[in-house]
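Below, each chain spelled out in residue letters.
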Amino acid sequence: MAPKGKVYRGSVKDFPGFNASQDADALYNAMKGFGSDKDAILDLITSRSNKQRVEICQAYKSQYGKDLIADLKYELTGKFERLIVSLMRPPAYSDAKEIKDAIAGIGTDEKCLIEILASRTNQEIHDLVAAYKDAYERDLEADVVGDTSGHFKKMLVVLLQGAREEDDVVSEDLVEQDAKDLLEAGELKWGTDEAQFIYILGRRSKQHLRMVFDEYLKISGKPIERSIRAELSGDFEKLMLAVVKCVRSTAEYFAERLYKAMKGLGTRDNTLIRIMVSRSEIDMLDIREVFRTKYDKSLHNMIKEDTSGEYKKALLKLCGGDDDAAGEFFPEAAQVAYRMWELSAVAKVELRGTVQPASNFNDDGDAQVLRKAMKGLGTDEGAIIEVLTQRSNAQRQQILKAYKAHYGRDLLADLKSELSGSLAKLILGLMLTPAQYDAKQLRKAVEGAGTDESTLIEIMATRNNQEIAAINEAYQQAYHKSLEDDLSSDTSGHFKRILVSLALGNRDEGPENLTQAHEDAKVVAETLKLADVASNDSSDSLETRFLSILCTRSYPHLRRVFQEFVKMTNHDVEHAIRKRMSGDVRDAFVAIVRSVKNKPAFFADKLYKSMKGAGTDERTLTRIMISRSEIDLLNIRGEFIDLFDKSLYHMIEKDTSGDYCKALLALCGGDD
């Protein structure tokens, strides 16, 4: 069933010993009389390929003079009926029905149009157009044009031609030119040249576009997806993002669509049915692999939790297996992981904060505004927020001195007495230097009963040598003891060794060393018990070397180590650490790996987790917003929307309130 030279990756295969006449009899008997045997129907239909189901329809018509699809519609109901009937149609006719439903009546289901037209091959598009004409005696392009508008319509029409180049031979010169043209059509242009985006993304081959996206990242410092979000809008933006995702990995695109169809309250059953049916004989195994890797749970398990009855049974049969049972990393996922490390190594990202030094800064004037805001009855929190969130940390330190000189008062003490709750913690945190603030957070994490390991990991795993040195100095000055001593007395075992090593601030700052990277990758593989050959080193010696590699090698070198690790073991280092380690040691090493791979993405994930679900982790939210506001919060915002399809600004607005919300939004610096 797979194309010549390719491995079949569907979950549904031709049934051995297939007999269309016998199957037609079995289905007739299952629907005969009062009620119907739904289990018999779903067992038979989900275990036959589409080609075999078409033959069963023909045999049923010949033997009983009846239309099998019509009988199934009569006997079954609801979501289960929609799923079974969809399975009975040939793929092109199933797509045609989905698109007809999407554009029929009032309103248009743009998401359905985008999903189908962005993901299908040239041949599948040609078959779809022909099936639509045959089934509805209408022209698909004319119907789409009549129901859509603008650049969205133009791109859909381009995709409907099924004319994407299919040559795998790629011209490097054309790759560079296309990347440059896309940059000039968007980021470097006043306004956006949408036609250039439509032409390149609608016509070039997938292999060519993957190289264009890599080149675009090199010359612009940002992924093409982020530029599309910034330059385009509405359904056109969603369509172009879907095209990019399908070019990168069709399996990942569908894994994401399936996850979103089931996460949260309610299930988008139409999307779930459409994808499970349409991909069951194409790439369901790839989708399962990506799903398991990306969401730390199997597709099988999520379907099981989110659906019920015969509908669930049928979906699970199409899924074809539970990957949680195996619990291993997948070869396809390893290729994706290697590519991610490769992109991490070549990306030249300019880190940008959201808070910049204020122009025409007047420390004495700001001190007067703050004093007026706190003088007399009541406090003008708005004025305090406006001043302190719009000044750099260096300028805030000048305001502190001006306030003292002008009024003979301690600004921090006045703010502390006038403000309360979450807003007070945020504003007071902004008034400390970055090193003082980190030192204070670390002190809170180790003092008293219990230890806040998450805060210790977040700060120690993400700060550079200069920042660590400044934190050590601030800690000693504020608490008259060394940070290393407090970490040592409050933690134990390997976790203590990791933190103490990081607290020394001795990470190399040089480039990669390929020979050394290969040796380091072997140590990592042996420590994680993924090496092909047994090591002569003792377990303790390996763990010491592993710790030293992750805590002292430079970021560029570690990126190379982790690439070599994937090549050597067919595993991603983060996945391997999560699987083979536990507790605080696992969390610390994962934080280091994720910081090396993409530090803004690490913080974006932390921010998302601080706000998702019931309740808000305000300590984490406040800490990150303060500590990253002048370093990379703009980058974090970009990663946030890439990862979670919503803006950081919007999530803060939804999850917090009052003056605390206003101050956070001011630090956030804008809505993406």
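What you see as residue numbers is a count from 1 along each chain, following the sequence as written. Only residues with pLDDT of 70 or above have their local features reported here, since the model is predicted, and side-chain atom pairs are shown and tallied only from 80 upward, although totals for entire chains, interfaces and linings are computed over all residues. Excluded from the side-chain calculations are hydrogens and water; all other atoms, namely the structure's heavy atoms, are used.

- Where an unreviewed UniProt entry is consulted, the protein appears under the name Annexin, with the organism given as Gallus gallus.
- UniProt positions are given in the numbering used here, feature names are shortened, and annotations may be inferred rather than shown by experiment. The UniProt entry for the protein carries the following comment under Function (unreviewed entry): "May associate with CD21. May regulate the release of Ca(2+) from intracellular stores."

1. Here's the deal with the overall build of the protein
- Helix numbers and strand numbers start at the N terminus; a helix is a DSSP run of H or I with at least 4 residues, a strand a run of E with at least 2. Helices and strands together make up the secondary structure of the protein, namely 41 helices and 0 strands.
- Summary of the burial criterion: residues with accessible area below 20% of their type's maximum are buried, those above 50% are exposed, and those between are partly exposed, where the area comes from a 1.4 Å probe applied to protein chains only. Counting over 672 residues, the protein shows a buried share of 51%.
- Surface accessibility in these figures is a Shrake-Rupley result with a 1.4 Å probe; residues are shielded only by whichever protein chains are displayed. Surface accessibility of the protein: about 30,600 Å² in total, with carbon and sulfur atoms responsible for 48%.
- Only four residue types enter the tally: Lys and Arg on the positive side, Asp and Glu on the negative side, with His and both chain ends excluded. In plain terms, the charge of a residue is placed at NZ if it is Lys, CZ if Arg, CG if Asp and CD if Glu. Charge centroids of the protein, computed over 96 positive and 110 negative side chains, lie 2 Å from each other.

2. So, the pattern of salt bridges
- Put simply, a salt bridge is a Lys or Arg side-chain nitrogen that is within 4 Å of an Asp or Glu carboxyl oxygen. The full count for this structure, using the stated rule, is 51 salt bridges.
- Its salt-bridge partner being Asp645, residue Arg229 comes within 3.1 Å of it at the nearest N-O pair. Taken together, the residues Arg229 in helix α14 (residues 224-231) and Asp645 in the loop between α39 (633-644) and α40 (648-655) connect sequence positions 416 residues apart.
- Accessibility expressed as a relative area gives 35% for Asp645, which makes it partly exposed.
- Across the pair Lys567 and Glu564 runs a salt bridge whose closest N-O atoms are separated by 3.2 Å. A residue pair is termed a helical-turn pair when its members lie 3 or 4 positions apart in one helix, as Lys567 and Glu564 do in helix α35 (residues 555-569) at 3 residues.
- With a relative accessible area of 52%, Lys567 lands in the exposed category.
- A network of salt bridges, in which partner residues are shared, links Arg226, Arg229, Lys245, Glu252, Glu256, Lys260, Lys294, Glu639, Asp642 and Asp645.

3. A word on the packing of helix α16 (residues 250-262) against helix α19 (residues 299-306)
- Where helices are involved, their axes are fitted lines through C-alpha atoms of the stretch in contact, as for all axes, and angles between N-to-C directions lie from 0 to 180°. Look at α16 against α19: their axes get within 10 Å of each other, and the N-to-C directions meet at 20°. The angle between α16 and α19 places the two elements in the roughly parallel class. As α16 packs across α19, the resulting crossing turns out to be left-handed. Only Leu299, Met302, Ile303 and Asp306 of α19 make contact with α16, whose side of the interface consists of Leu258, Tyr259 and Met262.
- Taken together, the residues of the contact of α16 with α19 sort by class into 6 nonpolar, no polar and 1 charged. What sets the label is the angle itself: under 35 degrees gives roughly parallel, over 145 gives roughly antiparallel, 65 to 115 gives roughly perpendicular, and the rest give oblique. Left-handed is the label given to a crossing in which the near helix is rotated counterclockwise from the far helix by less than a right angle, and right-handed is the label when the rotation is clockwise. Whether two residues are in contact is decided by their heavy atoms: any pair within 4.5 Å suffices. Three classes are used: nonpolar for Ala, Val, Leu, Ile, Met, Phe, Trp, Tyr, Cys and Pro, charged for Asp, Glu, Lys and Arg, and polar for all others, with Gly counted as polar.

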